[in-house]
Amino acid sequence: MQTSKTLRLILGDQLNSHHSWYSKPERHIVFAMMEMRQETDYVKHHIQKIVGFFAAMRGFTDWLRSRGHRVVYLALDDDDNRQNLEENITFLLRDQQCECFEYQSPDEYRLDQQLTAIAARLPVPYQCVDTEHFLTGRDEVKEFFRGKKQYLMEPFYRHLRKKYQILLSKGKPVGGKWNFDQHNRQSYDGAVPIPAPMVFNNRVEAIAAMLEGADVKSFGRIDPRRFIWPINRGQALQQLDEFIDARLAHFGTYQDAMSGDHWSLFHSRLSFALNTKMLHPMEVIEAALKRSPVSIAALEGFIRQILGWREYVRGVYWAHMPAYADMNFFGHTAELPDFYWTAATNMNCLKIAVEQSLTHAYAHHIHRLMVTGNFAMIAGIAPDQVDDWYLGVYIDAVQWVEIVNTRGMSQYADGGIVATKPYAASANYIQKMSDYCKGCHYSCKQKIGERACPFNSLYWDFLVRSRPKLKKNFRMGMMYRVWDRMPADQQQSVLEHAGSLKADLNAL
Ligand code: FAD
Ligand code: SF4
């Protein structure tokens, strides 16, 4: 039987070498990968993010070719590159004389919409297939929470533990509890030495020079002779091994800790490898389960991130897009301060969190949630600007995971679909979980005055101005009672101080 020649598109975050597409080379299949201005320019990205995706795509192409597959690769500076999906696909179908088009279901709403529209206009038959990556279907969260306003991660996570029989014994959670989170909230006390982060010395000079030559706008820093992130599956597996051998045992305990001397502590830094699909979430979970003699608290704490949070945020994304991208529950409109792009601030916690984000295109969850995210929310920054920053700055930032964490979890702009209360905190939290306040220009104990920590008055200002929207939230009741007991003249001074800070956030 004659088989139609088929063009199969692989997007930059679809580098899943275990996909059934690649089980054996077939003469009638041409795989297509493309670096495009539509992807470098839809938001301003960290230079390492663009380089990382392109380097991993090139690595994946090499792997496909080594396995005998036919691949056309359009580099950004290729003369044939039309720089957008539609024109490139049309060109390649003609150039390669293909009679069919196939693509994997995109994870970003933007690309999903675009490819659906393009496919419908093509003069050839087309097919969309699964990426064979996630552990849940796109609509599984939506179905699970049908009719509910709030989507709580915990029941969905338990559903997945049962579905995949993970950490279960005779239908009951191993260790007697589903969740060991209360063991996992310690600051870093130096008791356990932190191994230096495992980094690679990838040479990416050619890609960096190409981006510069094409005048692609980006920000952040890069050493193109020593690109630290994994750019192929071999390196991703090495990083996974190192995490399990050297970090997993202490991951949970110090998961929320922040330290001026250590930028990633016991975190895995696997998000880039997972989000590009170089690693499969189940192989990460199985590696942790099989190879590690660590405590149930440590194991459960890590597995909850991958099996629970990661699948859950993806499901929330598909349940609420495109409306999610416009949500602004508090009506925040302020401009994102310049120091998010420069780290030039006297606030030590923000300086450190932004500085390492600019240096490594990485910050761990608590930096993102309780430092940069918390500040943006209590200062009243417009969620669109906060989203653009997070979508650009991190090596792992793909919209399906970025936006639910940013707009939902950190900014509460979704009005409580994912979080039961806003993650707002004063200096007290940062002081407890880090060593940042010791070296800070500001005093974490003071609410007003020139040296008072800005988080303190901005925190109360946020609570007071949001009271009409939060007063029914029973989890906020205690904080409002604390405020109500504060003498009126002190309340006024705190709000006046916050007002003066908000008038010029760039001066902080
Ligand atoms: P670890 O702490 O080692 O956790 C292991 C893995 O669990 C991660 O690699 C990740 O795949 C998964 N995971 C952990 N927490 C979450 C979560 N909340 N949501 C989804 N998956 C999770 N994660 C991204 O992958 N891309 C983003 O763009 C992104 N943006 C974020 C923005 C904000 C404001 C916040 C608060 C969180 C964001 N996260 C994002 C979630 C989380 O912070 C990162 O996944 C994590 O910091 C990546 O580092 P790691 O690989 O060392 O994670
Ligand atoms: Fe951050 Fe305030 Fe502590 Fe300074 S005092 S590090 S600004 S929390």
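Residues numbered from 1 in each chain as written. Chains lettered and ligands numbered in written order. Predicted model: local features only at pLDDT ≥ 70, side-chain atom pairs only at ≥ 80, totals over all residues. Heavy atoms only, no water.

Asks: Give a description of the site of ligand 2 that names residues and reports values.
Replies: Met347, Asn348, Cys349, Ala427, Ile430, Tyr436, Cys437, Cys440, Tyr442, Cys444 and Cys453 make up every residue found near ligand 2. Comparing atom positions with the cavity grids shows ligand 2 to sit within the second largest cavity. Going through the elements one at a time, helix 14 (348–360) and helix 18 (427–433) are the ones with two or more residues in the shell around ligand 2. Its residues assigned to classes, the shell around ligand 2 shows 10 nonpolar, one polar and no charged. (Near = heavy atom within 4 Å. 1 Å grid on protein atoms, 1.4 Å probe; cavity = no way out; pocket = protein on both sides within 12 Å on 5 of 7 lines; lining within 4 Å. Sits in = over half its atoms within 2 Å of the grid points. Helix = DSSP H or I, 4+ residues; strand = E, 2+ residues; numbered from the N terminus. Nonpolar A, V, L, I, M, F, W, Y, C, P; charged D, E, K, R; others polar.)

Asks: Lay out empty space enclosed by the protein in plain terms, naming residues and giving numbers.
Replies: Using the criterion set out here, one finds three cavities of 30 Å³ or more in the structure. Gly12, Glu39, Tyr42, Phe53 and Arg110 are the residues nearest the centre of the largest cavity, which is lined by 21 residues in total. If you list the elements that add at least two residues to the lining of the largest cavity, you get helix 1 (37–41), helix 2 (47–66) and helix 4 (109–121). It is helix 2 that provides the largest number of residues to the lining of the largest cavity, a total of five residues. When its residues are assigned to classes, the lining of the largest cavity shows 13 nonpolar, three polar and five charged. Approximately 100 Å³ is the volume attributed to the second largest cavity. Looking at the second largest cavity, it is lined by 14 residues, and the ones nearest its centre are Cys349, Cys437, Cys440, Cys453 and Phe455. The set of elements that each furnish at least two residues to the lining of the second largest cavity consists of helix 14, helix 18 and helix 19 (454–465). In terms of residue class, the lining of the second largest cavity is made up of 12 nonpolar, two polar and no charged. (Points joined across faces, edges and corners; volume = space filled by probe spheres on them.)

Asks: Talk me through the sheet that holds strand 6 (residues 126–129); I want residue IDs and the actual numbers.
Replies: Adjacent strands of a sheet form backbone hydrogen bonds with each other and so pair up, either parallel or antiparallel. Read from one edge to the other, the open sheet built from five strands follows the order 4-2-1-5-6, with strand pairing classed as parallel. Whereas interior strands pair on both sides, the edge strands pair on one side only; in this sheet they are strand 4 (71–74) and strand 6. Here the average twist between neighbouring strands, direction ignored, is 20 degrees. Bridging between strand 1 (residues 6–9) and strand 2 (residues 29–34) involves four bridges; their strand directions are parallel. Among the inter-strand pairings, Leu7 is bridged to a residue of strand 2, identified as Val30. Helix 4 contacts strand 1, strand 5 (100–104) and strand 6 of the sheet and is inclined by roughly 170 degrees relative to strand 5. (Pairing = 2+ DSSP bridges. Axes fitted to C-alpha atoms, helices over the stretch in contact; angles between N-to-C directions. Contact = heavy atoms within 4.5 Å.)

Asks: Now, about the site of ligand 1: what can you tell me, with residues and values included?
Replies: Near ligand 1 you find 28 residues, and of these His267, Ser268, Arg269, Asn275 and Tyr362 are the closest. Ser268 is positioned such that a nitrogen or oxygen atom in its side chain is 2.7 Å from an oxygen atom of ligand 1. Computed on the free molecule, ligand 1 has an accessible area of 810 Å², of which 99% lies beneath the protein chains in the complex. Looking at the shell around ligand 1 residue by residue, the class counts come to 13 nonpolar, 10 polar and five charged. Each of domain 2 (140–195 + 247–320) and domain 3 (339–507) gives at least three residues to the shell around ligand 1. (Polar contact = N/O pair within 3.5 Å; in protein donor to acceptor, adjacent residues only side chain to side chain. Areas by Shrake-Rupley, 256 points an atom, 1.4 Å probe, with all protein chains shown as cover. Domains from an automatic or database assignment.)

Asks: Got a sec to walk through the pattern of salt bridges? Specific residues and values, please.
Replies: Side-chain pairs of opposite charge can arise where the charged atoms are in close proximity. Evaluated as defined, the whole model comprises 28 salt bridges. Notably, a salt bridge pairs Glu205 with Arg203, separated by 2.4 Å at the nearest N-O pair. You can call Glu205 partly exposed: its relative accessible area is 30%. With a closest N to O distance of 2.7 Å, Asp461 and Arg465 form a salt bridge. Placement of the pair is Asp461 and Arg465 together in helix 19, with a separation of four residues, close to one helical turn. Given a relative accessible area of 9%, Asp461 falls into the buried group. Put simply, Arg161, Asp181, Glu300 and Arg304 are held in one network by salt bridges that share partners. (Salt bridge = Lys/Arg side-chain N within 4 Å of Asp/Glu carboxyl O. Buried < 20%, exposed > 50% of the residue type's maximum accessible area, 1.4 Å probe, protein only.)

Asks: Can you explain the side chain of Thr131? Please cite residues and give values.
Replies: Looking at the secondary structure, you find Thr131 in the loop between strand 6 and helix 5 (140–144). By relative accessible area, which is 3% here, Thr131 ends up buried.

Asks: Account for unusual backbone geometry, with residues named and values stated.
Replies: The omega torsion of the bond from Met321 to Pro322 falls at 5 degrees, within 30 degrees of zero and hence cis. Among the secondary structure elements, Pro322 is positioned in the loop between helix 12 (296–320) and helix 13 (339–342). The phi torsion at Lys170 lies on the positive side, around 50 degrees, for a residue other than glycine. Here Lys170 lies in the loop between strand 7 (168–169) and strand 8 (172–173).

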